[in-house]
Amino acid sequence: MKITKLELIHVRPRWLFLKVHTDEGLVGYGEPIVEGRAKTVETAIHELESYLIGEDPLKIEHHWQAMYRGAFYRGGPILVSAISGIEQALWDIKGKFYNMPVYEMLGGVCRNKIRMYAHCHGNTVEDSVRTALRRKEQGFTAIKIGLDAPVQIVDNLAYLERQVERLASIRKAVGKEMDIAIDFHGRVSPAMAIRLAAAFEPYYPMFIEEPCLPENVDQMVKISQSTTIPIATGERLFTKWGFRELIEKGAVAIVQPDLCHAGGIFESKKIAAMAESHYGAVAPHNPLGPISLAACLQLDTCTPNFLIQEHPTIDDQSDLGVGFLKKPFQIENGYIQIPEGPGLGIEIDEEALKEKQYEGNWDTPRLYHEDGSVADW
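Sequence order sets the numbering: in each chain, residues are counted from 1 along the sequence as written. In keeping with the predicted nature of the model, local features appear solely for residues at pLDDT of at least 70, side-chain atom pairs appear and are counted solely at 80 or more, and the whole-chain, interface and lining totals rest on all residues. Each side-chain value is derived from all of the structure's non-hydrogen atoms; neither hydrogens nor water enter the calculation.

As named in an unreviewed UniProt entry, the protein chain is Galactonate dehydratase, taken from Paenibacillus foliorum.

Put into structure tokens, the structure is as follows:
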């Protein structure tokens, strides 16, 4: 079997789908994307195409090594995201070739359903509480809220109290059984993160995500050692090498590799194993589309230290595959049943996909402080 073609499709709201074709008619799907840089990733995939055309798609690890190590410059979000989507598609082909889900080739089933958490947005405290109660009614047992943006390096007491008010109000509304995670989004300085974490502790957050940017591991360690709240991070880290120092220094309790950025399914399985050796958990990051979710579910099913799975909880359920998959994923009582089909376990509705295509020009919003200086998004 040989790879014959790589086909890319830009899909609303900001996704990029990849189809890898073979001479035996098997097609694999992946989701290679850097949000706001879809066309750049598209170019990177075309640059890898000359290596992949004519190759055996079943040699996944060999191709990963060749794509990553074959050039002098390694790593980074663009290259590794391109590799990630290709890797997902090759696993999809391999599973279809052997007629089994990807998780069966990576150790087999560790659980019979996948716990999900929902995003919980709101422009006001009241909006956030209403959304949290709706998520509870929908059956979710865990939600994730965010912080107001932008945040000053050292912000004032009023800002801190507004964030505490949101968390406290949601906790009071949903009760003690529902888990509440808080996404700092890397927009907070270490000094401010420590103050916020101390104020949040009485409300027992499930974890704090990206309490600061991940480039300075020692600062993440400092935050982690200052609080009892578990620290999670990883969406902006790439490959096992990007996670190594973070895990070895005990900076995090929960790693969050994004399977569309960190190197794909098998690379994220390796990252999860590194965390397991330090008694840590894995909660894959996923703010993207149904192919990304399908890849995550394969990893979640076969990974013993899996904790919980993110999905963006879009109102039209497109992130679950509505309008994209012939059989969309369904969440019942906060869980998705493990997929049973071969490969990624999904079947794309090609006709419906045509209606969702666009130019691929979504860009990341930019934030500015009151004085006009750039703020972290």
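Moving on, there is more to tell.
Draft legend 1. Quick look at the layout of surface pockets. Whether a set of points on the 1 Å grid over the protein atoms alone is a cavity depends on a 1.4 Å probe fitting there but being unable to get out, while an open set qualifies as a pocket with protein on both sides within 12 Å along at least five of seven lines; lining residues are those with an atom within 4 Å of a point. Grid points are joined across faces, edges and corners, and a volume is the space filled by probe spheres set on the points. In this model, the largest pocket occupies a volume close to 1600 Å³. Along its surface, the largest pocket is lined by 45 residues, and Arg14, His185, Arg187, Glu235 and Trp377 are the ones closest to its centre. Helix and strand assignments follow DSSP, with helices taken as H or I runs no shorter than four residues and strands as E runs no shorter than two, numbered in order from the N terminus. Contributing elements (two or more residues each) for the lining of the largest pocket: helix H3 (77–98) and strand E5 (142–146). When residues of the lining of the largest pocket are assigned to their parent elements, the largest contribution, three residues, is made by E5. Just so you know the grouping, Ala, Val, Leu, Ile, Met, Phe, Trp, Tyr, Cys and Pro go in nonpolar, Asp, Glu, Lys and Arg go in charged, and all remaining residues, Gly too, go in polar. When its residues are assigned to classes, the lining of the largest pocket shows 17 nonpolar, twelve polar and 16 charged. Here the second largest pocket is characterised by a volume of approximately 400 Å³. Considering the residues around the second largest pocket, the lining is formed by 15 residues, among which Lys327, Pro328, Phe329, Pro339 and Glu340 are closest to the centre. Tallied by class, the residues present in the lining of the second largest pocket amount to seven nonpolar, four polar and four charged.

Draft legend 2. Highlighting the environment of Leu367. Examined against the element boundaries, Leu367 turns out to sit in strand E13 (residues 367–368). Separated by 316 residues in the primary sequence, Leu367 and Tyr51 have C-alpha atoms spaced 39 Å apart.

Draft legend 3. Examining the UniProt feature "domain: Mandelate racemase/muconate lactonizing enzyme C-terminal" (unreviewed entry) in the protein chain more closely. UniProt positions are given in the numbering used here, feature names are shortened, and annotations may be inferred rather than shown by experiment. In the numbering used here, UniProt assigns the "domain: Mandelate racemase/muconate lactonizing enzyme C-terminal" (unreviewed entry) feature to residues 125–230. Along residues 125–230, the helical share is 48% and the strand share 11%, with 24 Å between the first and last C-alpha atoms.

Draft legend 4. Here's a closer look at the side chain of Ser189. In this structure, Ser189 sits in the loop between strand E6 (179–183) and helix H7 (190–200). When neighbours within four sequence positions are excluded, Ser189 is seen to be in contact with Ile153 and Pro211. The contact rule is simple, with two residues in contact once any of their heavy atoms fall within 4.5 Å.

Draft legend 5. H7, seen in detail. Here H7 has its buried residues at Met192, Ala193, Leu196, Ala197, Ala199 and Phe200. Looking straight down H7, one finds that the buried residues subtend no more than 160° of arc, so they occupy a single side. Looking at the buried side of H7, the elements it contacts are helix H6 (157–174), E6, strand E7 (208–209) and helix H8 (217–225). The buried label goes to any residue with under 20% of its type's maximum accessible area, the exposed label to any with over 50%, and the partly exposed label to all in between, with areas taken from a 1.4 Å probe on protein chains only. What the arc measures is the spread of directions leading from the helix axis to the C-beta atoms.

Draft legend 6. Structural view of the environment of Gly343. Within the secondary structure, Gly343 is located in the loop between strand E12 (335–337) and helix H12 (350–354). Residue classification places Gly343 among the buried residues on the basis of a relative accessible area of 0%. Each C-alpha atom of the pair Gly343 and Ala191 lies 45 Å from the other, and the pair is 152 residues apart in sequence. Gly343 has contacts with Trp91, Asp92, Gly95, Lys96, Met100, Pro101, Val102 and Gln298, leaving out every residue within four places of it along the chain.

Draft legend 7. The arrangement of the pairing of strand E4 (residues 113–119) in detail. Most of E4 sits out of view: six of its seven residues are buried. A pair of strands counts as paired when DSSP detects no fewer than two bridges linking them. Judged from the three bridges that link them, E4 and E12 form a sheet pairing that is antiparallel. Bridge pairing in E12 links Arg115 to Tyr335. Pairing between E4 and strand E11 (residues 309–310): two bridges, direction parallel. From the neighbouring strand, Met116 faces E11, where its bridge partner is Gln309.

Draft legend 8. View of the packing of aromatic side chains. Two rings from Phe, Tyr or Trp (for Trp, the six-membered ring) form a pair when their centres are within 6.5 Å of each other. A pair whose planes differ by under 30 degrees is stacked, one over 60 is edge-to-face, and the rest are tilted. Applying the stated rule across the entire model yields ten aromatic pairs. Where Tyr117 meets Phe207, the ring centres are 6.2 Å apart and the plane angle is 70°; that geometry is what we call edge-to-face. Linking Tyr117 in strand E4 with Phe207 in the loop between H7 and E7, this pair joins segments that are 90 residues apart in sequence. Classification of Tyr117 as buried rests on a relative accessible area of 1%. What links up through ring pairs into an aromatic cluster is the set Trp15, Phe17 and Phe324. Taking NZ or CZ as reference, Lys356 lies 5.2 Å from the ring centre of Phe324, over its face. For a Lys NZ or an Arg CZ to count as sitting over a ring, it must be within 6 Å of the ring centre and within 35 degrees of the ring normal.

Draft legend 9. Up close: the sheet that holds strand E2 (residues 15–22). Spatially, three strands are ordered E1-E2-E3 in an open sheet, and the strand pairing comes out antiparallel. The outermost strands of the open sheet, each flanked by one partner alone, are strand E1 (3–11) and strand E3 (27–30). Across this sheet, the average inter-strand angle for adjacent strands is 20°, counted without regard to direction. Across four bridges, E2 lies against E3 in antiparallel orientation. Bridge pairing in E3 places Leu18 opposite Gly30. Angular values range over 0 to 180 degrees, each being the angle between N-to-C directions of two axes fitted as lines to C-alpha atoms, with helices fitted over their stretch in contact. Together, E1, E2 and E3 form the strand contacts of H3, whose direction differs from that of E3 by roughly 145°.

Draft legend 10. Quick look at the packing of helix H1 (residues 38–52) against H3. For the pair H1 and H3, the least separation of the axes is 9 Å and the interaxial angle reads 60°. In terms of orientation, H1 and H3 fall into the oblique class. Crossing of H1 over H3 shows right-handed handedness. For the pair H1 and H3, the contacting residues are Thr40, Val41, Ala44, Ile45, Leu48 and Leu52 in the first and Ile78, Leu79, Ala82, Ile83 and Ile86 in the second. Its residues assigned to classes, the contact of H1 with H3 comprises ten nonpolar, one polar and no charged. When describing relative orientation, an angle under 35 degrees is termed roughly parallel and one over 145 degrees roughly antiparallel, while 65 to 115 degrees is termed roughly perpendicular and anything else oblique. Note on convention: the crossing is left-handed when the near helix lies turned anticlockwise from the far helix by less than a right angle, right-handed when the turn is clockwise.

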